[in-house]
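Report on the structure
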Amino acid sequence: MNQESNNLVENIEVYVPMGMFGARKDYLLEAMIRAIAEYHSKDEGEWSDKYGTAVDNCVFSMRPYCWCESEDCRWCGEEGAPNFHHKPSDFKVWWYKYIGRGMQYNKELTAIECAEILSECLKIRDN
Ligand SMILES: [Zn+2]
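Quick look at the structure, then. (Residues numbered from 1 in each chain as written. Predicted model: local features only at pLDDT ≥ 70, side-chain atom pairs only at ≥ 80, totals over all residues.)

1. Observations regarding the overall build of the protein chain
For clarity, the cut-off: Put simply, DSSP H or I for four residues or longer makes a helix, DSSP E for two residues or longer makes a strand, and each gets a number counted from the N terminus. Residue burial is a threshold on neighbouring C-beta atoms within 10 Å of the residue's own C-beta, all placed from the backbone, with 20 or more meaning buried, 12 or fewer meaning exposed, and counts in between meaning partly exposed. C-beta atoms are first placed from the backbone for all residues, and any pair lying within 7 Å is then listed as a contact.
In terms of regular secondary structure, the protein chain is built from 4 helices and 5 strands. For the protein chain, the α and β elements follow one another from N to C terminus as α-α-α-β-β-β-β-β-α. With 127 residues in all, the protein chain has 18% of them scored as buried. A separation of at least 24 residues holds for 45% of the contacts in the protein chain among residues at least 6 apart in sequence.

Written out as structure tokens, the structure reads:
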């Protein structure tokens, strides 16, 4: 093999159907947050199901990824506030730029806990 054919081999990309290797661990959580964001969004142009939306009530708070990089910012600064916080269970989620990307959370949820949080967050009405 010459050098050119070696380069061709290195550039192969393989696409597989979503779910082929089983469910992704965060799939339910990601779907839950997207649904909550879309439900509470007041701005159709903000792409809430992708980025989240700004909402704060007695059940949960949500805030899209912040780009300000200010040290005084709750999300960018030392506090590192979560992008999603379910207050009764103290469940917190952080993501990078859009929901699902680099997502981190402070504890694992069972499917039933996820369903309960989703239900509570959809029942609460914003002012
Ligand atoms: Zn910020």
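Moving on from the coordinates now.
2. Thoughts on the environment of Pro82
The topology assignment puts Pro82 in the loop between strand 2 (60-62) and strand 3 (84-86). Sequence separation between Pro82 and Tyr105 is 23 residues; the distance between their C-alpha atoms is 8.6 Å. Residues within four places of Pro82 in sequence aside, it is in contact with Lys92, Val93 and Trp94.

3. Some points on the sheet that holds strand 3
In plain terms, the rule: Any two strands are treated as partners once DSSP identifies two or more bridges connecting them.
Spatial strand order, 1-2-3-4-5: 5 strands in an open sheet with antiparallel pairing. Two strands in the sheet have a free side with no partner beyond their single neighbour: strand 1 (55-56) and strand 5 (104-105). Summarising the sheet, strand 4 (residues 91-94) and strand 5 pair through 2 bridges and their orientation is antiparallel. When the sheet's bridge partners are listed, Val93 is paired in strand 5 with Tyr105.

4. Concerning helix 2 (residues 27-40)
We count it as follows: Multiply 1.5 Å by the residue count of a helix minus one, and that product is the helix's expected span.
Its 14 residues give helix 2 an end-to-end C-alpha distance of 20 Å, which sits within 8% of 20 Å, the value for a rise of 1.5 Å per residue. Those residues of helix 2 hidden inside the fold are in contact with helix 3 (48-51), strand 1, strand 2, strand 3, strand 4 and helix 4 (111-123).

5. Structural notes on the nonpolar core
It is characteristic of soluble globular proteins that their nonpolar side chains tend to be buried jointly. Rule in force here: For this analysis, nonpolar core means a set of buried Ala, Val, Leu, Ile, Met, Phe, Trp, Tyr and Cys residues linked through C-beta atoms within 7 Å.
Counting residues in each nonpolar core, the largest one holds 15 residues, and the members touching the most others are Met32, Ile33, Ile36, Ala37, Met62 and Phe84. Broken down by secondary-structure element, the contributors of at least two residues to this core are helix 2, strand 2, strand 4 and helix 4. Broken down by element, this core gets its largest block of residues, 5 residues, from helix 2. Not counting residues within four places of it along the chain, the set of residues in contact with Ile33 comprises Gly52, Phe84, Val93 and Ile99.

These figures capture arrangement, not role.
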